[in-house]
Every structure is written in C-alpha cells, then in structure tokens.
Protein chains: 2
Amino acid sequence: MSEGGTTRIPFVSRMRADDAASWLAALNAAMPGRQVVPLAELTPAERAAAAVAIVADPDPADLLPMHRLVWVQSLWAGVERMLSETQGAPYAIVRMNDPQLALTMAEAVLAWTLYLHRDMPRYRRQQQAAQWRQHPLALARDRRIGILGLGNLGKAAACALVNQGFNVSGWSRTASGFDGVETLTGEDGLDALLEWTDILVILLPLTPETRGLMDRRRLGTLPVSASIINFARGPIIDDDALLEALNTGHLGHAVLDVFATEPLPEASPYWKHPGVTVLPHISAPTNKATASRIVAANVEAYLRTGMVPPGVDRAKGY
Amino acid sequence: MSEGGTTRIPFVSRMRADDAASWLAALNAAMPGRQVVPLAELTPAERAAAAVAIVADPDPADLLPMHRLVWVQSLWAGVERMLSETQGAPYAIVRMNDPQLALTMAEAVLAWTLYLHRDMPRYRRQQQAAQWRQHPLALARDRRIGILGLGNLGKAAACALVNQGFNVSGWSRTASGFDGVETLTGEDGLDALLEWTDILVILLPLTPETRGLMDRRRLGTLPVSASIINFARGPIIDDDALLEALNTGHLGHAVLDVFATEPLPEASPYWKHPGVTVLPHISAPTNKATASRIVAANVEAYLRTGMVPPGVDRAKGY
C-alpha cells in the first residue's frame, strides 16, 4: 500500500465528479503525508493489498476486489444502504461520528421546532392572503416536544431544545434518561410519548424495526393538531397514513427532509400540500472540513497502531 | 379611591372590548383584594382622586380628568405613542418590564435568525417550484449577527444567539460590553458593525434619533446579501430605501414584524415581495399572566408604601 513512502488510500463512492473532487481535496488537506485517491487510480495490486478504504455510498462491486479490506470509513452517518448491499462482507463499517454533525442536527431540530412553535407556516399563508392577524403564542415550557431516538443526534437535539426552555421527552430502545428529559422505552412507552406530544421529532436509524413505525395507528395516537418533523429516514413514516392524517386535520403540519425516494419525485403530493414543508435532505449536511479531520484521525491511528474504530453492529443495523 | 374597603384601579385603553375583558380578568386574578375596572365604571369623584392607573395605549383625553394622577403603569414595553400624545403631563409613565417579554423576544430573534441562517425562504420557493436542490450551510460560528440596541431585549437576544454558537456583536448608545459580545457605539461604531454583519437584528426603541436610522446609506453599508430582522418599530427603517436594496439584490431578505402603519395596509408592496417575510407584530406578545403579576407587584407596592417604580425618561424617550 506504499509507493515512494506515501500511503495511497482508496476513495470509493458513487458521488458526482465535482462532489468527489471537493471531498478528495478536503481529505488530502487533513492528511498530509498520505494520498487519498479515487479507486480508479489504484493498480490492481494496490487494490488487493488495501486494508482500509474511505467510502461514501460505494458500489459494493468496487469493494469486492479488495480481498484484504479490514474496515471502511464511511463519510456518512447513515449506512443502512451500504449494510443491505454488503451483507456477509468481512470488513467492518465505521460510520461518520462527527460531533459537528450532532450540533448541526441539533440546530436543525431547534430551527424547525421554532418554525412550528412560532406558527411560521400559518403566518406565511396569511402573508400570501395579505391578512394581518395575530394568534396566541404558547410559552416554550408549555410546548411538549417528543423525540424518537436518543443516540448522539437525539441527545444533542434534546439538549438544544431544553436549553431553549421546551418541555422535552424522548423514546429509545434502551431507556437512558438524562437531565431534564424523561425517557420512555418499549411499545407502551412509545404510545405514552405519542399521546403526550405536541411536536414529534424523528431521529431514529432506519432498521427493520423502525421501517413503517409511524403507521396509521401511531399517527392517530398523536393529539389533534400535533406536528411532525422527520430528519431521519423517509420509510419510517407510512406516507399514505401521514397524508390522510394531514388531510383530515388530525395533524397540523409535517416538516419532511427525508423521503422513501430521493430526490422526491415531481409527482409526490407532498410538494403542493399546504400542511407539508418539503426540504431536500438538508437538515445535517456533513461538514467536509470537520468530517475530514475525523477520518484522518481514524485512518492515521489505524496505520500507526492497527487499531480499528468501533464499527456498525450488523445485527442492530446501526 | 376606596369603596367598601376595596381599592378600584382604573384601566384605560383603546383596546377592542374582548381584549380588554381578557386583560381585566388576568389583572384582577393577579390582584386579589383590589378591583381593576374600566374607566367608564368609575364615578367622576373616583377619577379625580385616582393616583395610579393601568393603561394600554390610552386616549390622552381620558387621562386629563385625573388631576391627582401620580403615575401610570403601561401594559406595553413600547410607549413612544403615549409619550408623544401626553407631552407635558405631570404623571410618570412606567413601561412594562417583564423578564418573560425579554425571553419571548430572544426566542423570536433566535427563531427568525435560524430561519434566515437555514435558508428557509429559499427552500420554500424551491418547494413551490417542486425543485430539489441543496445549498451549502455555514457553521453558526461563521455567521455574523449584528444587534442594534442592547437594552433588556437586545441583551437577552444576544445571549440566546451566543448560546446557539453564532458570532454576535452589538451596537448601543452607551457601550456596555458583555461576555462573548463585542459592543460598538457612536456613528463610526454603527458603520463598522453594519460592514461586518450578515444578519442585522433591530431592537432599538423609536426615538427622534432612531427614526429613519436605517436609511439608504446605512442599508448600503451592509454587505451584499445581508439580511435584516426588524422586531422594534417600523419607522426605524426607510421603507423606500429598503425596497430598493431588496430589488437591486444588495440585501438578501427582510423579516419585518413592525411597520410605519399597522395593520400593514393592503396596498403595501411588502405583502407580495419575495424577499420580505411579513409578520403581524407577533415577535414578543405580552403574556397576560406574567405581565399581570408585574403590574400587581408594582401597584401593590405603591398602595402600601407610596413607592413609584422608575418611569420613562421623557428626554431620552425610553
């Protein structure tokens, strides 16, 4: 894997060429003394010898010739597609775990929670109708925010909301309560959380257990006029059930950043629905500079000591 | 001013009857043992004897028969209209100074700063065009927020923004720097702040000095694509100059909650301008429950001890 003293590390992705070029620039800037290069530039011998690769939604066929691959560093935090496409592969998959990502996601959750709390969609509709009308404002402490998923992202989001005075509860597989946030668990806990919630924030990983979790029954368990923010993965919500709940007026508004198919197809009823805010998967973009420093630290530690960072648990799916 | 042991305190306003009724309910709930009553219910003798009144944008003619009025408690924080209508009047005017008001305003500043920081107006336009397109996201620490006015409201807003990681500077009449917020003062300081600012937040009182402060030259001092949030008073901005700056593309967006004439006239070009978010004066509504407790404490202290709370400085105008 060495060539004239420089380790060449393969970069494997299905990105557009301009995206890949800017990632390569950021990664190489963070790793002086190494060379991160597109897979196509490696010789067959280099591919066969590579023990580590940097990946972003890679074509699994590209990884097959790397017989000695020990682990791959993903640039993304969500790796469910890669997991399903590389079942049985012997290498470990390390997710991006950038503290900046959690801060950016927490910022997004706070921003769109305030968007709903402050009635921005309604005031927007009033502006279109040149209508001047004030609506009562609840105090933040009287606004109940339920968070599904309390991993790194969910915890950071909960902290940001608590700091801003909101009444926050969460639900996760394993109850791990923390200051100021009651944590529920299990089927009954989920129902109890949904019954209580004014604004539901979804930050769960997509797994066989969470696919379709927010079905007709659970959406109906939310109180009348509750709102939903989905910053996790589209298939966690049943789209038909959500549209029905919005159309009957049971739910007030949905902020959707993720969809079963992305980009969202032009024919989707979400685009024109007055009760839906469509975002193009922008809640927590990876910051190339901070993420490249994480990748650099992980790869350098491995090259120097052989230590592989903790990988995804293929059974749990995250 | 006593009747059967109960002090009757006049309530003087030009509110709609239903608004006045809900204020009277909140005030009376906060003042057991007193009676807050509409002016019309007082006898001429009671009016002549009244030393204190609770007011909300009162008709000055209504206050004239109260010869012994020592002070009035306003329900509003902004009293410039009352000041200009009651020049030379001998009584003190006490503004509403509710800590909840500052928290609510800080929440509004944070909410609409995040609205601009997170490009919500642009993603809204994209949704209308069924367009899926991601834009780069700046880190909060690289987003420069300039606050005009660092009284109670400005300081609370600055703290909320600093807590969320933004780069915040402020400008006020008297430089009173505080942790993490550089404070500028004077004409040169204002120009320096404007040159530096990505998002300008206006929280100044309306005085002869601040009327028309954001004129053509000062709007032009802001960097290209800067945005403005005005949560103070409409006449602080020159409307024609603002529209020009938005139309030439010098400014990116304006969030306007206050206007020279309110409700905003139907003919105003702001309603339909794609670069303007019109809000119906909702940034920091007074919370009737918390405000009534402040009024109660001030009035009770006066009735028991004769102590008048600090009033507005008629020379400064706030």
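About the cut-offs
Residues numbered from 1 in each chain as written. Chains lettered and ligands numbered in written order. Predicted model: local features only at pLDDT ≥ 70, side-chain atom pairs only at ≥ 80, totals over all residues. Heavy atoms only, no water. Helix = DSSP H or I, 4+ residues; strand = E, 2+ residues; numbered from the N terminus. Rg over C-alpha atoms; globule rule 2.2 N^0.38 Å. Buried < 20%, exposed > 50% of the residue type's maximum accessible area, 1.4 Å probe, protein only. Contact = heavy atoms within 4.5 Å. Lys, Arg positive; Asp, Glu negative; His and termini not counted. Charge placed at Lys NZ, Arg CZ, Asp CG, Glu CD. Least-squares fit on C-alpha atoms with pLDDT ≥ 70 in both. Core = buried A, V, L, I, M, F, W, Y, C linked by side-chain atoms within 4.5 Å. Pairing = 2+ DSSP bridges. Axes fitted to C-alpha atoms, helices over the stretch in contact; angles between N-to-C directions. Buried area = accessible area lost by both parts, 1.4 Å probe. Salt bridge = Lys/Arg side-chain N within 4 Å of Asp/Glu carboxyl O. Polar contact = N/O pair within 3.5 Å; in protein donor to acceptor, adjacent residues only side chain to side chain. Right-handed = clockwise from strand over helix to strand, strands pointing away. Expected span 1.5 Å × (residues − 1). Arc of directions from axis to C-beta. Phe/Tyr/Trp six-rings, centres within 6.5 Å; stacked < 30°, edge-to-face > 60°. Parallel < 35°, antiparallel > 145°, perpendicular 65-115°, else oblique. Left-handed = near helix turned anticlockwise from the far one by under 90°. Nonpolar A, V, L, I, M, F, W, Y, C, P; charged D, E, K, R; others polar. pLDDT = per-residue confidence, 0-100.

A word on the overall build of chain A. Scanning chain A from N- to C-terminus turns up eleven helices and 13 strands. Relative to its length of 318 residues, chain A is compact, with a C-alpha radius of gyration of 22 Å against a globular reference of 20 Å. For the C-alpha atoms alone, the extent of chain A along its principal axes is close to 70 × 40 × 35 Å. Within chain A, the fraction of its 318 residues that count as buried is 52%. Long-range contacts, defined here as pairs at least 24 residues apart, represent 62% of the contacts in chain A between residues at least 6 apart. Averaged over its 29 positive side-chain charges, chain A has a centre that lies 3 Å from the centre of its 32 negative ones.

Turning to the relation of the copies chain B and chain A, a few remarks are in order. Least-squares fitting of chain B to chain A yields an RMSD of 0.1 Å, with the transformation described by 0.0 Å of translation along the axis and a rotation of 180°. Expressed as an axis order, the relation between the two copies is that of a two-fold axis. Distance from the rotation axis, computed per C-alpha, reaches its smallest value in chain B at Ala 111 of chain B: 3.1 Å. Same-surface contact between copies: 100% of interface residues of chain B are shared with the interface of chain A.

All right, on to the nonpolar core then. Counting 64 residues, the largest nonpolar core has Trp 112, Ile 147 and Phe 231 of chain A together with Trp 112, Ile 147 and Phe 231 of chain B as the members making the most contacts within it. If we ignore the near neighbours within four places in the chain, the residues touching Trp 112 of chain B are Arg 118 and Met 120 of chain A together with Ile 229, Phe 231, Val 255, Leu 279 and Ile 282 of chain B.

On to the sheet that holds strand 12 (residues 251-256) of chain B. Either a parallel or an antiparallel arrangement is found when strands of a sheet pair, and the pairing is made through backbone hydrogen bonds. Residue and element names in this part refer to chain B. The strand order across the open sheet built from seven strands is 9-8-7-10-11-12-13, with neighbouring strands paired in parallel fashion. Unpaired on one side and paired on the other, strand 9 (182-184) and strand 13 (276-278) mark the two borders of the sheet. The average angle at which neighbouring strand axes cross in this sheet is 15°, direction not considered. Across four bridges, the pairing between strand 10 (residues 199-202) and strand 11 (residues 226-230) is parallel.

Taken together, the contact pairs 47 residues of chain B with 48 residues of chain A. Here chain B meets chain A over a buried area of about 4,000 Å², counting both sides, of which 62% is carbon and sulfur. By the criterion of area lost to chain A, the three top residues of chain B are Arg 118, Gln 127 and Trp 132 of chain B, representing 21% of everything that side buries. Where chain B touches chain A, the interface holds two salt bridges. At the junction of chain B with chain A, the criterion picks out 20 residue pairs in polar contact (both at pLDDT 80 or more). Where the side of chain B that touches chain A is concerned, the elements lending two or more residues are helix 5 (99-117), helix 6 (120-128) and strand 13 of chain B.

Let us look at the pairing of strand 12 of chain B. Residues and elements named next belong to chain B. Strand 12 sits mainly inside the fold: five of its six residues count as buried. Pairing analysis gives five bridges linking strand 11 to strand 12, with the strands arranged parallel. Among the inter-strand pairings, Ile 229 is bridged to a residue of strand 12, identified as Val 255. After leaving strand 11, the chain enters helix 10 (residues 239-247) and then returns to the sheet as strand 12, a path that is right-handed. Here strand 12 runs beside strand 13; their pairing, made up of three bridges, is parallel. The residue bridging Val 255 from the neighbouring strand is Thr 277, located in strand 13.

A few words on helix 1 (residues 17-30) of chain B. Residues and elements named next belong to chain B. The end-to-end C-alpha distance of helix 1 is 20 Å, a good match for the 20 Å that 14 residues give at a rise of 1.5 Å each. Those residues of helix 1 not exposed but buried are Ala 20, Trp 23, Leu 24, Ala 26 and Leu 27. Viewed along the axis of helix 1, the buried residues span an arc of 165°, placing them on a single side of the element. Opposite its buried face, helix 1 presents the exposed residues Ala 17 and Ala 29, each directed more than 90 degrees away.

Here we take up the packing of aromatic side chains. The final tally for this structure, using the stated rule, is ten aromatic pairs over all chains. Between Phe 259 of chain A and Tyr 270 of chain A, the aromatic rings sit 6.0 Å apart at their centres with planes inclined by 50°, giving tilted as the arrangement. With a gap of eleven residues between them, Phe 259 of chain A in the loop between strand 12 (251-256) and strand 13 (276-278) and Tyr 270 of chain A in the loop between strand 12 and strand 13 connect regions that are remote in the sequence. Assessed through its relative accessible area of 3%, Tyr 270 of chain A is described here as buried. Pairwise contacts between aromatic rings join Trp 132 of chain A together with Phe 259 and Tyr 270 of chain B into one cluster.

Moving on, we come to helix 8 (residues 186-196) of chain A. Turning to helix 8 of chain A, its buried residues number three or more, namely Gly 189, Leu 190, Asp 191, Leu 193, Leu 194 and Trp 196 of chain A. For helix 8 of chain A, the elements touching its buried residues are strand 7 (144-148), strand 8 (167-171), strand 9 (182-184), strand 10 (199-202) and helix 9 (216-221) of chain A.

Let us look at the sheet that holds strand 8 of chain A. Residues and elements named next belong to chain A. Pairing is parallel across the open sheet formed by seven strands, whose spatial order is 9-8-7-10-11-12-13. Both outer strands of the open sheet, strand 9 and strand 13, are each paired with one neighbouring strand and no more. Averaged over all pairs of adjacent strands, the angle between their axes in this sheet comes to 15°, without regard to strand direction. Looking at chain direction, strand 8 and strand 9 are connected through three bridges and run parallel. Paired with Trp 171 across the bridge in strand 9 is Leu 184.

Looking now at unusual backbone geometry. Backbone geometry follows two general trends: most residues other than glycine have a negative phi, and most peptide bonds adopt the trans configuration. With an omega of -10°, the peptide bond between Glu 262 of chain A and Pro 263 of chain A qualifies as cis. Positioned with a positive phi, Asp 57 of chain A is a non-glycine residue whose angle comes to about 50°. Among the secondary structure elements, Asp 57 of chain A is positioned in the loop between strand 4 (52-56) and helix 3 (60-63). Its identity is not glycine, yet His 281 of chain B carries a phi of approximately 55°, on the positive side. By the secondary structure assignment, His 281 of chain B is in the loop between strand 13 and helix 11 (288-305). For His 281 of chain B, a relative accessible area of 30% gives the class partly exposed.

What follows deals with the packing of helix 5 (residues 99-117) of chain A against helix 7 (residues 152-163) of chain A. Residues and elements named next belong to chain A. In the contact formed by helix 5 and helix 7, the axes pass within 8 Å of each other and the chain directions differ by 50°. Classed by the angle they form, the pair helix 5 and helix 7 counts as oblique. In this structure, helix 5 meets helix 7 at a crossing whose hand is right-handed. Where helix 5 approaches helix 7, its residues Leu 101, Ala 102, Met 105, Ala 106, Val 109, Leu 110 and Thr 113 are matched on the opposing element by Asn 152, Leu 153, Ala 156, Ala 157, Ala 160 and Leu 161. Here the residues of the contact of helix 5 with helix 7 are counted per class, giving eleven nonpolar, two polar and no charged.

Here we take up the confidence of the model for chain A. Residues and elements named next belong to chain A. Of all residues in chain A, 97% have pLDDT values of 70 or greater, and the mean over the chain is 94. The model gives residues 1-5 a pLDDT under 50, and that stretch makes twelve contacts with residues more than four places away or in other chains. This prediction of the complex comes with two scores: 0.87 for pTM and 0.87 for ipTM.

Moving on, we come to the pattern of salt bridges. Residues and elements named next belong to chain B. Taken as a whole and judged by the stated rule, the model has 30 salt bridges over all chains. With a closest N to O distance of 3.1 Å, Arg 14 and Asp 57 form a salt bridge. With a gap of 43 residues between them, Arg 14 in the loop between strand 2 (6-13) and helix 1 and Asp 57 in the loop between strand 4 (52-56) and helix 3 (60-63) connect regions that are remote in the sequence. Among the residues examined, Arg 14 registers a relative accessible area of 35% and is labelled partly exposed. For Asp 57, a relative accessible area of 25% gives the class partly exposed. Close ionic contact of Glu 300 with Arg 304 constitutes a salt bridge, the shortest N to O distance being 3.4 Å. Here Glu 300 and its partner Arg 304 are both found in helix 11, four residues apart, which amounts to about one turn of the helix.

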